Amino acid sequence: MAGVRNIVVLTGAGISAESGVATFRGPDGLWEGHRVEDVATPEAFARNPALVQRFYDERRAALARVEPNAAHRALARLDADWPGELLIVTQNVDDLHERGGARRLLHMHGELRSAWCLRCNARVRWDGPLRDGPPCPACGVAGRLRPDIVWFGEMPYGMERIEDAMRPADLFISIGTSGAVYPAAGLVQTARWAGARTLELNLEPSAGSYMFDECRMGRAGELVPAWVDELLA
Ligand code: BV8
């Protein structure tokens, strides 16, 4: 693509679907009958901490059973070979981008493999369950660790870094997201104001498809490697 130097990639649950990670708003989108909007909130955590901890404990444990797919690996190849600026902004809380080899990566909605101590504010690498109230590795106090996940009504991580990357961007590509959640869903508008070309790769039209210069419908496992080959040619 002529004249492309600085790229911002936004990914959502659709890029992990072919790895076997359930998406949020598809047919398999409910968790034990709960919508993500009803479980992923500070109010739900205050009301029923055991339910919310179990929701994340089960998804954290499931990470050991899934692998990165061709789309994750293609983005890592782009990350390694792209001479210009590149930032992969993911809404996903799984670790498949990292395990696929991506480096220039930002988890704007947090990570399953991180815990946040509400006593000392430390963020710590965490792979096991949290529902038994384990002690914080930093301050030693038990029962104060919550999932390090951005819930609805909470400020996403890295917004300044994302805005800094969007300003000089000349290409914004959105992969596998329904465009239902803000501020992530608003980034395509920010890209247009920055004068960037906008491309969407998704299984079906999203809520924001009308804002993209180009939309390619299909599975990420096929569309993303083909797009990376195009870009690196
Ligand atoms: C904020 C962590 C302000 C949790 C998530 C009204 C009331 C209250 C709030 C709001 C409101 N209106 C707007 C808001 C704001 C709210 C919001 O947007 N709500 C929506 C529901 C209307 N946003 C927030 O609250 C955000 N915070 O605004 O803070 C603020 C300001 C100042 C100070 C303090 C605070 C925080 C949002 C973050 C919430 N946390 N995740 C968890 O993961 O457990 S969001 C959650 O949805 C996930 O992160 C997920 O990534 C994200 C978006 O979903 P998608 O990734 O798009 O997944 P989805 O299933 O929807 O779509 C998958 C797509 O892939 C589909 O299109 C499908 O076709 C496609 N696909 C499927 N298979 C494939 C594929 N594509 C390609 N290949 C395939 N194989």
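Within each chain, residues carry numbers counting from 1 in the order of the written sequence. Two thresholds apply to this predicted model, a pLDDT of at least 70 for residue-level local features and 80 or more for giving and counting side-chain atom pairs, whereas whole-chain, interface and lining totals are computed over all residues. Side-chain metrics rest on all non-hydrogen atoms present in the structure, leaving aside hydrogens and water.

The name given to the protein in an unreviewed UniProt entry is NAD-dependent protein deacylase, with uncultured Sphingomonadaceae bacterium as the source organism. UniProt positions are given in the numbering used here, feature names are shortened, and annotations may be inferred rather than shown by experiment. Listed in UniProt under the heading Subcellular location (unreviewed entry), the comment for the protein reads: "Cytoplasm". The UniProt entry for the protein carries the following comment under Sequence similarities (unreviewed entry): "Belongs to the sirtuin family. Class III subfamily."

S.K.: For this particular structure, what's the right way to read helix H8 (residues 220–232)?
M.R.: One turn of the α-helix equals 3.6 residues, which is why residues spaced by three or four share an orientation. Helix length check: H8, at 13 residues, gives a terminal C-alpha distance of 18 Å against a target of 18 Å (1.5 Å per residue), a fit within 8%. When accessible area is computed with a 1.4 Å probe and restricted to protein chains, residues below 20% of their type maximum are described as buried, those above 50% as exposed, and intermediate ones as partly exposed. Here a helix means four or more residues in a row that DSSP labels H or I, a strand means two or more in a row labelled E, and each is numbered from the N terminus. Inspection of H8 places Ala220, Gly221, Leu223, Val224, Pro225, Trp227, Val228 and Leu231 among the buried residues, and these make up the whole buried set. Where the residues of H8 are buried, they touch strand S1 (7–11), helix H4 (70–81), strand S7 (171–175), strand S8 (197–202) and strand S9 (214–217). In this scheme, a helix's expected span is set at 1.5 Å multiplied by one less than its residue total. Working rule for contacts: check all heavy atoms of both residues, and any pair within 4.5 Å makes them a contact.

S.K.: I would appreciate a short explanation of the pairing of strand S2 (residues 86–90) in the present structure.
M.R.: Here is the key point about a regular strand: its side chains alternate between the two faces of the sheet. Within S2, five of the five residues are buried, which leaves the element mostly enclosed by the surrounding structure. Residue alternation in S2 divides its side chains into two sets, Leu86, Ile88 and Thr90 and Leu87 and Val89, and both sets are buried. Taken together, the five bridges between S1 and S2 define a ladder with parallel strand orientation. When the sheet's bridge partners are listed, valine 9 is paired in S2 with isoleucine 88. Only strands that DSSP links by at least two bridges are regarded as paired with each other. Bridge count between S2 and strand S3 (residues 105–107): three bridges; the pairing is parallel. Bridging from a neighbouring strand, valine 89 pairs with leucine 106 of S3.

S.K.: Even after reading the chapter, I still don't get the side chain of aspartate 95, so can you show me in this structure?
M.R.: With respect to the helices and strands, the residue aspartate 95 is situated in the loop between S2 and helix H5 (96–100). Looking at aspartate 95, the relative accessible area reads 7%, which means it is buried. Leave out the neighbours within four places in its chain, and aspartate 95 touches Leu63 and Arg113.

S.K.: How should the site of the ligand be read in this particular structure?
M.R.: We call a residue near a molecule or strand when any one of its heavy atoms sits within 4 Å of it. The local shell around the ligand holds 36 residues, among which Arg25, Arg59, Gly153, Thr177 and Ser178 are the closest. Between the ligand and the protein, one listed contact pairs a nitrogen atom with a side-chain N or O atom of glutamate 18 at 2.9 Å. Contacts described as polar in this section are N or O atom pairs within 3.5 Å, which, within protein, must combine one atom able to donate a hydrogen with one able to accept it, while residues neighboring in sequence count only if both atoms come from side chains. Within the backbone of tyrosine 182, an N or O atom sits 2.7 Å from an oxygen atom of the ligand. The method behind every accessible area is Shrake-Rupley, applied with a 1.4 Å probe, and residues are considered shielded solely by the protein chains displayed. In isolation the ligand has 1500 Å² of accessible area, and contact with the protein removes 74% of it. Under the scheme applied here, ten amino acids are nonpolar (Ala, Val, Leu, Ile, Met, Phe, Trp, Tyr, Cys and Pro), four are charged (Asp, Glu, Lys and Arg), and all others, including Gly, are polar. Within the shell around the ligand, the residues separate by chemical class into 18 nonpolar, 11 polar and seven charged. Mapping the shell around the ligand onto the domain boundaries places at least three of its residues in each of domain 1 (1–20 + 68–109 + 156–232) and domain 2 (22–65 + 112–149). Marked domain ranges trace back to an automatic or database domain assignment.

S.K.: Help me out: how do you make sense of the environment of serine 19 in this one?
M.R.: Within the fold, serine 19 resides in the loop between S1 and helix H1 (36–39). With a relative accessible area of 12%, serine 19 lands in the buried category. C-alpha separation for the pair serine 19 and asparagine 69, spaced 50 residues apart in sequence, amounts to 5.7 Å. Here serine 19 is in contact with Val66, Glu67, Pro68, Asn69, His72 and Leu96, once residues within four sequence places are set aside.

S.K.: Would you mind showing me how to read the sheet that holds strand S6 (residues 145–149) here?
M.R.: Pairing between sheet strands relies on hydrogen bonds along the backbone, with the strands arranged either parallel or antiparallel. The strand order S5-S4-S6 describes an open sheet built from three strands, whose pairing is antiparallel. A single partner strand is all that each edge strand has here, and the edge strands are strand S5 (123–125) and S6. With strand direction ignored, the average angle separating the axes of adjacent strands in the sheet is 45°. Axis definition: a line fitted to C-alpha atoms, over the contacting stretch in the case of helices. Angles run 0 to 180 degrees between N-to-C directions. Across the face of the sheet, helix H3 (residues 49–62) comes into contact with strand S4 (110–117) and S6 while running at roughly 60° to S6.

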